[in-house]
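Close look at the chain arrangement
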Amino acid sequence: MASSSFYSPPNWRYSVFASFHGPDVRKTFLSHLRKQFICSGITMFDDQGIERSQTIAPALTQAIRESRIWIVILSKKYASSSWCLRELVEILECKEATGQIVMTIFYGVDPSDVRQQTGDFGSSFDATCARTTKEERKRWSQALNHVGNIAGEHFLNWFIVSNKLNATTCKDFEDNVGIETHLLRLQSLLCLDYEDGAMIVGICGPAGIGKTTIAGALYSQLANSFQLTCFMENLSENYNNGLDEYGFKLCLQEKLLSKVLNQNGMMICHLGSIHERLQDQKVLIILDDVEDLKQLEALANDINWFGHGSRIIITTKDQELLEQHGINITYHVDFPTKEEAREIFCKYSFRQSSAPDGFKELAKRVTKLCSNLPLGLRVMGSYLRGKDENEWEVILDRLENSLERDIEGVLRVGYDNLHENDQSLFLLIAFFFNYTSDAHVMAMLADSNLDVRHGLKTLVYKSLIQISREGEIVMHKLLQQVGRQAVQRQEPWKRKILIDAHEICDVLETDSGGRSVMGISFDVSKILDNVFINERTFKRMHNLQFLRVYKKRFDRNDIVHVPEDMNLPPRLRLLHWEVYPRKSLPRTFNPQYLVELDLQNSQLVMLWEGIQPLTNLKKMDLSGSKNLEQLPDLSYATNLERLLLSTCESLVEIPSSIGNLHKLKRLRMVFCIKLQVVPSHFNLASLERVNMMGCSQLKKFPDISINITSLSISDAMLEELPKSIRLWSRLQTLSIFGSVSTSPYVTRRSLNRSGSDIEKLPDCIKDLHGLEDLYIGGCPKLASLPALPGSLRTLVADTCESLETLPFSFASPILFLYFPNCFKLGQEARRAITQESDSMMACLPGRKIPVEFDHRAVGNSLSIRSDFNRFMVSVVVYPKHNIQGCVHLTCHIRINGYPIDENIALHLFNIQTEHLFITQPNLLEAYGWLEQNNEILFEFSTTSQVIDIIECGVRILRDVVEDSGDRRNRYGLKQFSEEGDDLSYEYEPNKMLKDTDKASNEEEENNVEGKEHAYCWSWFVYCFDFSRICVRKMGRLGWETRQYDQMIWM
């Protein structure tokens, strides 16, 4: 039956056909329904232009038959139209024949009146039947009785249609042969009706069998049924990242929570965070390609971590891994049948389901050679597409006679049949450039004899790589293994790329490398003994261009020893050496051809002396090199685009040669805590993003580009802002950081402050007419804010304890007004915030709901009756102790018992005591004004047990008549308080949470290493991502923040 089909048959022309009485709903509910369907990609038949008559027009009959779902909107006057009743009969006849879905929406009528034709609905029906025959009246009555017994939907629940469509079709996966069978079997295993607990289900099978594809289709089908969802892909690529076991698990949990809560870069401090945040949430989480038990222990160690009804799905090649973790519900992905395999192959080779005449037997031979492995079938199909029968015969004869006829051997075909140059490009991508941009690859290979642009197109066409819309190159890891095997099959003296760790050790220690080697990819975590590089090793490797030394697992100290006089190859284009062990690069190093220099976490004190030819260099990343004291002269790095120096804690000065970098776009100097000198002028037109957060010793602010779009600085730099600030018309984001930590992860030592704190901001900020986001954090003496530009959309003042005064009125509505831990806000300031709370969110210290909120309740929920669709919502929360990481406060809304698809999600900072949150969402704008008295339930919850919800309130917003004597704002809230008014929304001093300075002091002694500095301010910015915040609907979480990584890691 179609109702259970995953595919849409090819003759479906419309997703939805609606039967309705126009005067009742066309200009109200139906218009909003149609708009929502359009936004959701649901095609709905439009009957405009069809002339009404006594019989159904042929075009209408055809539309009914070509629609996947029928919606019958039963309104009070529906039965007054014989046209509607004839439509209904036609719909039910089609349903009887096809088994398709009929949905009923009872719009202001009782289902019993429809079934029995009573009440006002029955009166309309009787009047219509008076003009027809008894036989037709009987058919209409039976039809109404039938639809009256179908479980109806509230008219607000249009999104159920989307869910039902998702259950019947997903165009992203409809070309995947056999997917429907997999999904039906998985749904049976998942027991989706079981809501009394969570479940973990495994999907197991060999590489290339289609586990990820099946999981993706399942995710697409089920996502709308869960509160929170996450597809965490390619976990096998995230095994360690250089951390110990605890740090590795913590990192994985951060990634998962970031995805689940749609909050980029979330940070946590303990391994109980998933349980803490998700134990009350119904979540759908897919962990794709798990290959280590530690990954499961980190992400799904206990089923009780997740709320009732949650489903955790794990894909893996390792059945034993699932058994070790106690997962006893497993779906084994079988190889497709011969017929399915042949269809998969034909879709890629002929773009149809079957082979044309002359190729049928050849297609059978291919499926047999591929052992029915879907990935092999796709690769072979892409490779053979467009070739004639003779070419097929030659290729298949060669395969059948080869020594390697297993699955891996079949996957080689795509590679083996590439041109030699394209094979070289394939291997370079496999070992050096996977998940990098196509532009980066072309820059790296600009001087090679490869036609990179053509080669990339060829690899895409052969299904050997994919390139995203953003230009990111992705190669399937199984195909990377094909590349590895291709290298291993070569004679050692002919290899151009070295990847085997033991072979590389032998080459480095014995000086046995050949002139033909062009790339070395060396994972030093795979070797057991110390490696002493021969100083003459690289002398003979004149063609070596790509050197990558890395650690996939940081489980022990460095064991690679570099001689002082080592000669690096003269033609290097990529030098990527993690934890480079010496204090400088070799004296003979010539970076003339270098495109990327990546020496993160190195032991460098300096790079080199003098001026080097760097005209090809595009990226220099020295982040984490804590001993680096100076940068070289960069005068000739005229093509450098990114200079990344975060947590170079010993760096004191940026050389004046930076003024020659006329293509520099990003400059990142986060927590260069000893940096004191930067050139007074580096007015580079190309420079867009500068981050000097945590550079607390830097007082003199340089004269930078007027094209700057994002700037992060310490407050000390404000003292000498250049006069050119008024010309920064493109500046959109300004972040100012003071001496007080706004994050639980920052110690006083990491701030390393000297000098006084600012007491005011410069007046020239109002002249930044393009500024959209302003963040001020940890400025304890800041007492007031100046006039602000009318372009501002986000204003955050976090932990500014002396802040009392704000601009009396804001120049334009601001979407986000956040003042956490600003305890001295005056009455006028608080009124200004409240007056502007028609914005998306407002936050300030406070213990009570404002008196203007005439609907209040103690606790986390309240219910009101209203026929209006605009509300102000407020809630008071109290942290029982310090908040760790980012916490969400969510308001779930039900209308007449039905959950709606738009809810409020607020982000809680590291608030120290009670805080008041106010927001004014247009929750029901999409549905139009409500035409009946509704019961509306507001229920608040948080993702952390450390937060108590004290009180909540709702105010219904009605039109306010302007009156010069009325001292209320547009929402009826008083702008000026009369003597004796109950300003209950104002902050009442309360005992602060216990000071944690003592604990912080102890932490200072232990947490001064590595990325502690890199994370210290990022907690707030990652948590809120306030820059470029926008509103978008995402499942049941209506208000989300847009990723904007330039705030910290630009």
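What this report covers is the structure whose coordinates are included nearby. (Residues numbered from 1 in each chain as written. Predicted model: local features only at pLDDT ≥ 70, side-chain atom pairs only at ≥ 80, totals over all residues. Heavy atoms only, no water.)

Our focus in this paragraph is the overall build of the protein chain. Regarding its fold elements, the protein chain presents 30 helices and 36 strands. Counting all 1050 residues of the protein chain, 58% fall into the buried class. Long-range pairs, those at least 24 residues apart, make up 66% of the contacts in the protein chain between residues at least 6 apart in sequence. Total accessible area on the protein chain is roughly 43300 Å²; 46% of this is exposed by carbon and sulfur atoms. (Helix = DSSP H or I, 4+ residues; strand = E, 2+ residues; numbered from the N terminus. Buried < 20%, exposed > 50% of the residue type's maximum accessible area, 1.4 Å probe, protein only. Contact = heavy atoms within 4.5 Å. Areas by Shrake-Rupley, 256 points an atom, 1.4 Å probe, with all protein chains shown as cover.)

An order of β1-β2-β3 is seen for the three strands of this open sheet, with the pairing classed as parallel. Looking along the sheet, the strands with just one partner apiece sit at the ends: β1 (14-19) and β3 (101-106). Adjacent strand axes in the sheet meet at a mean angle of 20 degrees when their direction is disregarded. Examined bridge by bridge, strand β2 (residues 67-74) and β3 share six bridges and lie parallel to one another. Looking at the pairing, L74 lines up with F106 of β3. (Pairing = 2+ DSSP bridges. Axes fitted to C-alpha atoms, helices over the stretch in contact; angles between N-to-C directions.)

What follows is about the packing of aromatic side chains. The final tally for this structure, using the stated rule, is 18 aromatic pairs. Aromatic side chains F350 and F359 sit 5.5 Å apart centroid to centroid with 65 degrees between the ring planes, which places their arrangement in the edge-to-face category. For the residue pair F350 and F359, the accessibility class agrees, reading buried in each case. Centre to centre, the rings of F359 and W392 are 5.1 Å apart; their planes meet at 70 degrees, and the pair counts as edge-to-face. Here W392 lies in helix α18 (residues 389-401) and F359 lies in the loop between α15 (338-349) and α16 (360-369), a separation of 33 residues in the sequence. Per residue, the accessibility class of F359 equals that of W392, and both read buried. (Phe/Tyr/Trp six-rings, centres within 6.5 Å; stacked < 30°, edge-to-face > 60°.)

The tally for this structure, following the rule as stated, stands at 17 salt bridges. The salt bridge partner of K618 is E641, with a shortest N-O separation of 3.6 Å. Of the two residues, K618 is situated in the loop between β17 (596-598) and β18 (619-621) and E641 in the loop between β18 and β19 (642-644); the sequence distance between them amounts to 23 residues. For K618, a relative accessible area of 28% gives the class partly exposed. Among the residues examined, E641 registers a relative accessible area of 26% and is labelled partly exposed. Between R847 and E914 there is a salt bridge, and its shortest N-O distance comes to 3.5 Å. Within this pair, whereas R847 is found in the loop between β27 (841-845) and β28 (855-858), its partner E914 is found in the loop between β33 (904-908) and β34 (915-919), the two being separated by 67 residues in sequence. Relative accessible area serves as the criterion here: at 9%, E914 is assigned to the buried category. Ionic contacts of the salt-bridge type, sharing partners, join the residues E245, K249 and E297 into one network. (Salt bridge = Lys/Arg side-chain N within 4 Å of Asp/Glu carboxyl O.)

Next up on the list: the sheet that holds strand β4 (residues 199-204). What the five strands build is an open sheet, ordered β5-β6-β7-β4-β8; its pairing is parallel. Because the sheet does not close on itself, it has two edges, and the strands there are β5 (228-232) and β8 (330-332). Averaged over neighbouring strand pairs, the angle between their axes works out to 10 degrees when direction is ignored. Examined bridge by bridge, β4 and β8 share three bridges and lie parallel to one another. Counted as the bridge partner of C204 is H332 from β8. With respect to the sheet, helix α10 (residues 211-222) is in contact with β4, β5, β6 (283-287) and β7 (311-316), its orientation differing from that of β5 by roughly 165 degrees.

On the secondary structure map, D598 appears in strand β17. Here D598 occupies a buried position and makes no salt bridge, while the nearest side chain of opposite charge, K619, is found at 4.6 Å. For D598, the side chain forms a polar contact with the side chain of Q600, separated by 3.2 Å. Setting aside chain neighbours within four positions, we find D598 in contact with L575, H576, W577 and D621. (Lys, Arg positive; Asp, Glu negative; His and termini not counted. Polar contact = N/O pair within 3.5 Å; in protein donor to acceptor, adjacent residues only side chain to side chain.)

A word on the environment of E649. Relative to the helices and strands, E649 is located in the loop between β19 and β20 (666-668). Under the relative-accessibility criterion, E649 is labelled buried at 12%. Taking the C-alpha atoms as reference points, E649 and C672, 23 residues apart in sequence, are found 4.8 Å from one another.

Our next topic: the packing of helix α4 (residues 82-98) against helix α7 (residues 134-148). It is at 9 Å that the axes of α4 and α7 come closest, and there the two elements cross at 65 degrees. By the criterion of interaxial angle, the relationship of α4 to α7 is roughly perpendicular. As for the relative orientation of α4 and α7, their crossing is left-handed in sense. Of α7, the residues touching α4 (which contributes S82, L85, R86, L88, V89, L92 and K95) are E136, R139, W140, A143, L144, H146 and V147. Each residue belonging to the contact of α4 with α7 can be placed in one class, and the counts come to eight nonpolar, two polar and four charged. (Parallel < 35°, antiparallel > 145°, perpendicular 65-115°, else oblique. Left-handed = near helix turned anticlockwise from the far one by under 90°. Nonpolar A, V, L, I, M, F, W, Y, C, P; charged D, E, K, R; others polar.)

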